[in-house]
Number of protein chains: 2
Amino acid sequence: MLHINLSQSDGVPLYLQLERQIKQLIATGRLTAEDELPPVRVLAQQLVVNPQTVVRAYRELEMAGLIYKRRGAGTYVSAEGTPYTETECRRLLAERANSLLVEARNLGFDLEKTLALVRECSIELDRQKEGSE
Amino acid sequence: MLHINLSQSDGVPLYLQLERQIKQLIATGRLTAEDELPPVRVLAQQLVVNPQTVVRAYRELEMAGLIYKRRGAGTYVSAEGTPYTETECRRLLAERANSLLVEARNLGFDLEKTLALVRECSIELDRQKEGSE
DNA sequence: GATATTGTATCGATACACCAACACACAGGA
DNA sequence: TCCTGTGTGTTGGTGTATCGATACAATATC
């Protein structure tokens, strides 16, 4: 069961959110060569999204060379995955952290208040995760 | 001169990015009642975006009661500016925090490591801020 | 071969961003 | 008083992207 979280309200297209998250799973080795991805219908149902949206994400990932598909069989991680380095991970996350911090600051949340919020969200995420496993 | 930054690549619709940032400017008092917003064409040129995109953002903000428009005159911040309640702020930030956490988790960062990163970024932001003031 | 499972193709509704032409408000001169 | 120019927001139309619904085609399994 992949841990993927899609937001309907943040404006980023669903297929793009999905594509990015799968990319990260591959990049960090949580999905490795020859691992099987869920069938489009299954993942679609899990994410409460149209199968075509998953198809779109899979297609983009295939074009990027990260996965390959075999009709009737399934979708698999290809061997050529090029995981991000630790440094790249930090850079990616730092960008997100920065936009969170800027927005928090604009809304009157200081650092400690923001950190507390992140902690709360983390607990909430864990709770959801447990419930679904 | 409003300093607003739109990203063409993060997937969020331009009008929505614009709308959110103006909302924040109002929420934090950088724009206050009766302040005049730039004409749609001017802001559009500044942001290198179509005037209609600004129109869209202004329209949404007007429907939210945050600004009002006078044809031939301009666009102004309305007096009733109550952009966000404390609850709404939390909800907004919680969404950002969630996407950060999901991405962090996917990239192999646990909670504590993520919090440490956020702290670092905050320090870095402060340093930049000092430099530019 | 028959059937289930998987990905694929096509179409429609809606949203986004752009472009061009329009309509209103105001100021200043005839 | 009228006209006209400039500045403002407004309206309608086009192309592309997103997302969904449905029917299709290839492969695996028995």
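As the structure is a computational prediction, the values presented were derived from the model and not from experiment.

## A word on the pairing of strand E2 (residues 67–70) of chain A
Residues and elements named next belong to chain A. Pairing between E2 and strand E3 (residues 74–77): 4 bridges, direction antiparallel. Bridge pairing in E3 links Arg70 to Gly74. Between E2 and the antiparallel strand that follows it, E3, lie 3 residues; Gly72 among them carries a positive phi value of about 80°.

## Quick notes on the protein's contact with DNA strand D
Close to DNA strand D lie 20 residues, the nearest being Pro13, Leu14, Asn50 and Gly72 of chain A together with Gly72 of chain B. Elements supplying a minimum of two residues to the surface near DNA strand D: helix H1 (14–27) and helix H3 (51–63) of chain A together with helix H3 (51–63) and strand E3 (74–77) of chain B. Classifying every residue of the surface near DNA strand D gives 8 nonpolar, 8 polar and 4 charged.

## Observations regarding the sheet that holds strand E2 (residues 67–70) of chain B
All names here are of chain B. Taken in spatial order, the 3 strands of this open sheet run E1-E3-E2, and their pairing is antiparallel. What marks the edges here is a single partner per strand, and that holds for strand E1 (36–37) and E2. With respect to the sheet, H3 is in contact with E2 and E3, its orientation differing from that of E2 by roughly 115°.

## Topic: the sheet that holds E2 of chain A
All names here are of chain A. The sheet built from 3 strands is open, its strands ordered E1-E3-E2 with antiparallel pairing. Only two strands of the sheet have a single partner each, and these edge strands are strand E1 (36–37) and E2. Strands E2 and E3 of the sheet are contacted by H3, whose axis makes an angle of about 120° with E2.

## Regarding the nonpolar core
Buried together is how nonpolar side chains tend to be arranged in soluble globular proteins. Ranked by size, the top nonpolar core spans 19 residues in total, and within it Ala97 of chain A together with Ala97 and Leu101 of chain B carry the most contacts. In this view, Ala97 of chain A contacts Leu100, Leu117, Val118 and Cys121 of chain B; residues no more than four positions away in its chain are not counted. Ranked by size, the runner-up nonpolar core spans 17 residues in total, among them Ile26, Ala27, Leu31 and Val77 of chain A.

## Remarks on the protein's contact with DNA strand C
The environment of DNA strand C is formed by 20 residues, the closest being Pro39 of chain A together with Leu14, Asn50, Gln52 and Gly72 of chain B. Listing elements by their share of the surface near DNA strand C, those giving two or more residues are H3 and E3 of chain A together with helix H1 (14–27) and H3 of chain B. Of the residues contributing to the surface near DNA strand C, the split by class is 9 nonpolar, 8 polar and 3 charged.

## Some details on the packing of helix H2 (residues 40–47) of chain A against H3 of chain A
Residue and element names in this part refer to chain A. Packing of H2 against H3 brings their axes to within 8 Å, and their N-to-C directions diverge by 115°. For the crossing formed where H2 meets H3, the hand is right-handed. Taken together, the residues of H3 that come into contact with H2 (itself represented by Val40, Arg41, Leu43 and Ala44) are Pro51, Thr53, Val54, Val55 and Tyr58. When its residues are assigned to classes, the contact of H2 with H3 shows 7 nonpolar, 1 polar and 1 charged.

## Some words on the environment of Leu100 of chain A
Along the chain, Leu100 of chain A turns up in helix H4 (residues 86–106). The buried category is assigned to Leu100 of chain A, around which 24 C-beta atoms lie within 10 Å. Considering only alpha carbons, one finds Leu100 of chain A and Pro13 of chain A, 87 residues apart in sequence, at a separation of 19 Å. In this structure, Leu100 of chain A is in contact with Arg96, Ala97 and Leu100 of chain B, ignoring residues within four places of it in sequence.

## Some words on the relation of the copies chain A and chain B
Relative to chain B, chain A is turned by 179° and slid 0.9 Å along the rotation axis, the superposed coordinates differing by an RMSD of 2.7 Å. Expressed as a symmetry operation, the mapping of one chain copy onto the other fits a two-fold axis. When C-alpha distances to the rotation axis are compared across chain A, the minimum falls at Val12 of chain A, with a value of 2.1 Å.

## Brief notes about the interface of chain A and chain B
Of the residues lining the interface, 37 residues belong to chain A; the matching set on chain B comes to 35 residues. At the level of secondary structure, the elements contributing two or more residues to the side of chain A that touches chain B comprise H1, H4 and helix H5 (111–131) of chain A. Each residue belonging to the side of chain A that touches chain B can be placed in one class, and the counts come to 20 nonpolar, 12 polar and 5 charged.

What counts as what
Residues numbered from 1 in each chain as written. Chains lettered and ligands numbered in written order. Predicted model: local features only at pLDDT ≥ 70, side-chain atom pairs only at ≥ 80, totals over all residues. Pairing = 2+ DSSP bridges. Helix = DSSP H or I, 4+ residues; strand = E, 2+ residues; numbered from the N terminus. Near = placed C-beta within 6 Å. Nonpolar A, V, L, I, M, F, W, Y, C, P; charged D, E, K, R; others polar. Contact = placed C-beta atoms within 7 Å. Axes fitted to C-alpha atoms, helices over the stretch in contact; angles between N-to-C directions. Core = buried A, V, L, I, M, F, W, Y, C linked by C-beta atoms within 7 Å. Buried ≥ 20, exposed ≤ 12 C-beta atoms within 10 Å, placed from the backbone. Left-handed = near helix turned anticlockwise from the far one by under 90°. Least-squares fit on C-alpha atoms with pLDDT ≥ 70 in both.

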